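# Structural characterization, general
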Amino acid sequence: MHVVIAGGHGKIALRLARLLAAQDVRVTGLIRNPDHAEDVRRAGARPQVCDLERVSVEEVAAHLEGADAAVFAAGAGPGSGAARKDTVDRAASVLLADAAERTGVRRFLQISAMGADRLPRPGSDEVWAAYITAKGRAEADLRARDLDWLILRPGRLTDAPGTGLVTLAEPEVGRAEVTRDDVAAVLAALLHAPAVRRRTLELVNGTTPIEEAVAALAA
Ligand SMILES: NC(=O)c1ccc[n+]([C@@H]2O[C@H](COP(=O)([O-])OP(=O)(O)OC[C@H]3O[C@@H](n4cnc5c(N)ncnc54)[C@H](OP(=O)(O)O)[C@@H]3O)[C@@H](O)[C@H]2O)c1
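Residues numbered from 1 in each chain as written. Predicted model: local features only at pLDDT ≥ 70, side-chain atom pairs only at ≥ 80, totals over all residues.

The protein carries the name NAD(P)-binding domain-containing protein in an unreviewed UniProt entry, which gives Thermomonospora curvata as its organism.

Structure follows, in structure tokens:
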């Protein structure tokens, strides 16, 4: 299996790369900063410099050629303004999905966020509103495509060690935390569960072992 991770130097992306590389899955990490290449290599993935706010769909497609799955793990991140929520959290996902369609990479996992299906409350912080709007628009774009897409909405992310125990279900599971380790482990399990597709799933830490939670969805 060959998996291409967009935003390959992200905290979840690096964890996912390590898990997949340990399973002998070939992983390519698309990064925008060449200084991040060594970290990506150390995680067991092949870094490719590909700034998703600057490249053409043809360039992204060249990286996806022959891959089995694409994972959108990029995000403008904390500290970025409203404009980059649109250019990364929405537009870069749309670009990756365009490239996936062109190259026939049907499997597409998108990391979204809880609340992406709701309009921001009037008076909410401008950057938060731009973020959640961008996530919602990226989700809507993906749902309209003829791809084996899967949208994963984690709760509030933490860097605590993974527990292996989750609640993974269709909305709404209720807001709670989830470790990035567990998000990566769920993504890895979902990549091996092609029957789980064209669904929107929410994820928080819970009481069900990850393999069991994914198997239940695939059944
Ligand atoms: N924080 C939360 O509680 C929370 C909750 C739910 C969902 N999420 C979402 O979960 C996702 C992953 O989270 P995370 O913690 O792993 O994020 P992260 O560590 O911030 O990783 C995001 C990655 O995207 C990359 N990126 C940004 N712009 C790019 C571009 N133009 N081209 C290519 N890569 C680009 C960043 O690279 P640079 O280092 O070069 O900027 C970074 O490596 C994000 O989409 C986030 O919005 C977060």
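### A closer look at the pairing of strand β2 (residues 26-31)
Stated formally: Exposure classes come from backbone-placed C-beta atoms, where a residue is buried if 20 or more other C-beta atoms lie within 10 Å of its own, exposed if 12 or fewer do, and partly exposed in between. Counting from the N terminus, the helices are the DSSP runs of H or I reaching at least four residues and the strands are the DSSP runs of E reaching at least two. At least two bridges found by DSSP between two strands are what make those strands a pair. The definition of a right-handed crossover adopted here requires that, viewed with the strands pointing away, the path from the first strand over the helix to the second runs clockwise.
A large share of β2 lies buried, amounting to 5 of its 6 residues. Both strand β1 (residues 2-6) and β2 contribute to a ladder of 5 bridges, which runs parallel. Considered in β2, the bridge of V3 is made with V27. Regarding topology, helix α1 (residues 11-22) serves as the crossover connection from β1 to the parallel β2, and that connection is right-handed. Taken together, the 4 bridges between β2 and strand β3 (residues 46-49) define a ladder with parallel strand orientation. Counted as the bridge partner of I31 is V49 from β3. A crossover connection joins β2 to the parallel β3 through helix α2 (residues 37-42); in handedness this β-α-β unit is right-handed.

### Overview of helix α7 (residues 210-218)
Residue pairs three or four apart in sequence face the same way in an α-helix, which turns once every 3.6 residues. Defined as follows: Think of the arc as the fan of directions from the helix axis to the C-beta atoms.
Those residues of α7 lying buried are I210, A213 and V214. In an axial view of α7, the angular spread of the buried residues amounts to 95°, which keeps them on one side of the axis.

### Quick word on the nonpolar core
Note on soluble globular proteins: their nonpolar side chains tend to be buried together. Rule in force here: By convention in this section, buried Ala, Val, Leu, Ile, Met, Phe, Trp, Tyr and Cys residues joined through C-beta atoms within 7 Å make up a nonpolar core. By the convention adopted here, residues are in contact when the distance between their C-beta atoms, placed from the backbone, does not exceed 7 Å.
Within the largest apolar cluster, 73 residues are counted, with the highest numbers of intra-cluster contacts made by A6, L16 and A70. Among the elements that take part in this core, helix α6 (residues 180-191) stands out by supplying 9 residues, more than any other. Beyond its immediate sequence surroundings of up to four residues, L16 is in contact with I5, V71, A73, A184, L187 and A188.

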